[in-house]
Amino acid sequence: MAPIISVQNLTKTYANGFQALKGINLEIERGEILALLGPNGAGKTTLISIICGIANPSGGAVVVDGHDVVKDFRATRTLIGLVPQELTTDQFETVWNTVSFSRGLHGKKPNPAHIEKVLRDLSLWDKKDNTLRQLSGGMKRRVLIAKALSHEPSILFLDEPTAGVDVTLRKDMWNVVERLRASGVTIILTTHYIEEAEEIADRVGVINGGELLLVEDKQQLMAKLGRKQLILELNDPLDTLPDCFAGNGLSIEAEGNRLVYEFDARNEHESVASLLTRLGENNIHFRDLSTRQSSLEDIFVSLVGAAK
Ligand SMILES: Nc1ncnc2c1ncn2[C@@H]1O[C@H](COP(=O)(O)OP(=O)(O)OP(=O)(O)O)[C@@H](O)[C@H]1O
């Protein structure tokens, strides 16, 4: 199936000459959850703003469901819901009016039943007649999501959705995201919280310094780049390793009391089973054994660190 979003060689240079995007190529599949990870200033918001048609690219193109985001601005804007980082709406307006108005802005006919459903899903129903200034920060965040969903978009962008929100709101948000995904909505989120990407994304993209370092299936990424460690607590301390283990990914730690075998999926020196057998043959015995797999966070830190 054709991707729902295709970003082709996208560049962005701001008026002050700063190049925020340096030729991004990215295809987003229909119905997936893609998490864009990157440190502060990586270019995530710039990329999202261009796809959503609220900033102009300097070069390249973005096609959303067959429509160019610059030439067919109206068509693409209707397909997309954007949850920005901050609320800029009139603070004296009620929740109900704010969300209903947002639907109208996208050229959709009023649909009170849909607005009611969105407000109920986000636990905002009992606040529908409150003005925005009467709401807590977390409730305002919910209004941002309700606005983005008011016109029934088929693509939802969430820019740092859980920065500074409490656990309840975070859970509510992910429930809404799961329900939207189940209904076929494509979801793209930016986040600093890598555990979040690890938890909910199908694919992960890493942006740094205006470049997309990689986009990959989350499981494959973790299998490919994730290093594993086998940790053996030895019966008797070891000063040096027998020569036959040289260059085998083994190291001695904890004053000779621990042996660590480090390997990754691409570079497994020998199978764990044969290593254990050979250790036994060399009279190296252990009383306990554990394994550790690097998390998405370890992978991210090493990728971004290497690109610096
Ligand atoms: N209007 C602007 N003029 C000049 N530079 C800008 C402008 N907007 C953003 N930038 C710069 O472009 C770079 C990318 O910014 P962007 O907001 O896209 O990053 P980000 O990845 O979303 O960061 P964060 O995680 O901090 O939100 C930053 O270095 C930023 O300072």
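On a predicted model such as this, the values are computed, not experimentally measured, just so you know.

**Focus on the site of the ligand**
- In the vicinity of the ligand, the contacting residues are Y14, N16, F18, A20, G38, N40, G41, A42, G43, K44, T45 and T46.
- The residue makeup of the shell around the ligand, split by class, is four nonpolar, seven polar and one charged.

**What to know about the domain arrangement of the chain**
- Once the domains are mapped, the chain shows domain 1 (5-222) and domain 2 (227-293).
- A straight line from the C-alpha centre of domain 1 to that of domain 2 covers 46 Å.

**A word on the confidence of the model for the chain**
- Summary statistics for the chain give a mean pLDDT of 88 and a share of 94% for residues scoring 70 or more.
- Taken together, the chains of this predicted complex give a pTM of 0.78 and an interface ipTM of 0.95.

**Side note on the environment of N130**
- With respect to the secondary-structure elements, N130 resides in the loop between α4 (112-121) and α5 (137-149).
- Here the alpha-carbon distance between N130 and T94, two residues 36 residues apart in the chain, equals 5.2 Å.
- When residues no more than four places from it in sequence are discounted, the contact partners of N130 are T94, V95 and L135.

**Remarks on the sheet that holds strand β8 (residues 186-191)**
- Pairing is mixed across the open sheet formed by six strands, whose spatial order is β6-β7-β8-β3-β9-β10. Among the strands making up the open sheet, the edge pair consists of β6 (80-83) and β10 (211-217). Taking each pair of neighbouring strands and ignoring which way they run, the sheet shows an average axis angle of 15°.
- Across the sheet, α5 touches β6 and β7 (155-159), and the angle it forms with β6 is around 170°.

**Looking at the packing of helix α3 (residues 95-105) against α4**
- Following both chains from N to C, one finds α3 and α4 inclined at 130°, their axes separated by 10 Å at the closest point. In terms of orientation, α3 and α4 fall into the oblique class. Crossing angle aside, the handedness with which α3 passes α4 is right-handed. From α3, V99, S100 and R103 reach across to α4, where they touch I115, V118 and L119.
- Broken down by class, the residue content of the contact of α3 with α4 amounts to four nonpolar, one polar and one charged.

**Some points on the pairing of strand β9 (residues 203-208)**
- Most of β9 is tucked away: six of the six residues are buried.
- By the alternation rule, side chains of β9 split into R203, G205 and I207 and V204, V206 and N208, which are all buried.
- Sheet analysis places strand β3 (residues 33-37) next to β9, joined by four bridges and oriented parallel. What sits directly across from L37, in β9, is V206.
- Note: β9 against β10, six bridges, orientation antiparallel. The residue of β10 that forms the bridge with G205 is V215.
- Joining the antiparallel neighbours β9 and β10 is a turn of two residues, in which G209 adopts a positive phi near 55°.

**A short note on the sheet that holds strand β1 (residues 5-13)**
- Across the sheet, four strands lie side by side as β2-β1-β4-β5; this open sheet has antiparallel pairing. In the strand order of this sheet, the two ends are held by β2 (19-28) and β5 (67-68), each with one partner.
- Here five bridges tie β1 to strand β4 (residues 59-64), and the two strands are oriented antiparallel to one another. Along β4, the bridge assignment pairs Q8 with A61.

**A short note on helix α1 (residues 44-51)**
- Buried residues dominate α1, accounting for six of its eight residues.
- Along α1, the residues classified as buried are K44, T46, L47, I48, I50 and I51.
- Directly after α1, the chain includes G53, whose backbone phi takes a positive value near 80°.

**Quick look at the nonpolar core**
- A35, I51, V62, I145, A146 and F157 are the most contacted members of the largest nonpolar core, which has 58 residues in total.
- Of the residues forming this core, the biggest block, six residues, is contributed by α5.
- Counting residues in each nonpolar core, the second largest holds five residues, with L232, Y261, L275 and L279 among its members.

**Quick word on α3**
- Looking at α3, one finds that the buried residues are V95, T98, V99, S100, S102 and R103.
- After α3 finishes, the residue G107 shows a positive phi value of roughly 75°.

**Section: the environment of R30**
- Topologically, R30 is positioned in the loop between β2 and β3.
- Separated by 207 residues in sequence, R30 and P237 have C-alpha atoms that sit 56 Å apart.

Rules used in this analysis
- Residues numbered from 1 in each chain as written.
- Predicted model: local features only at pLDDT ≥ 70, side-chain atom pairs only at ≥ 80, totals over all residues.
- Near = placed C-beta within 6 Å.
- Nonpolar A, V, L, I, M, F, W, Y, C, P; charged D, E, K, R; others polar.
- Domains from an automatic or database assignment.
- pLDDT = per-residue confidence, 0-100.
- Helix = DSSP H or I, 4+ residues; strand = E, 2+ residues; numbered from the N terminus.
- Contact = placed C-beta atoms within 7 Å.
- Pairing = 2+ DSSP bridges.
- Axes fitted to C-alpha atoms, helices over the stretch in contact; angles between N-to-C directions.
- Parallel < 35°, antiparallel > 145°, perpendicular 65-115°, else oblique.
- Left-handed = near helix turned anticlockwise from the far one by under 90°.
- Buried ≥ 20, exposed ≤ 12 C-beta atoms within 10 Å, placed from the backbone.
- Core = buried A, V, L, I, M, F, W, Y, C linked by C-beta atoms within 7 Å.

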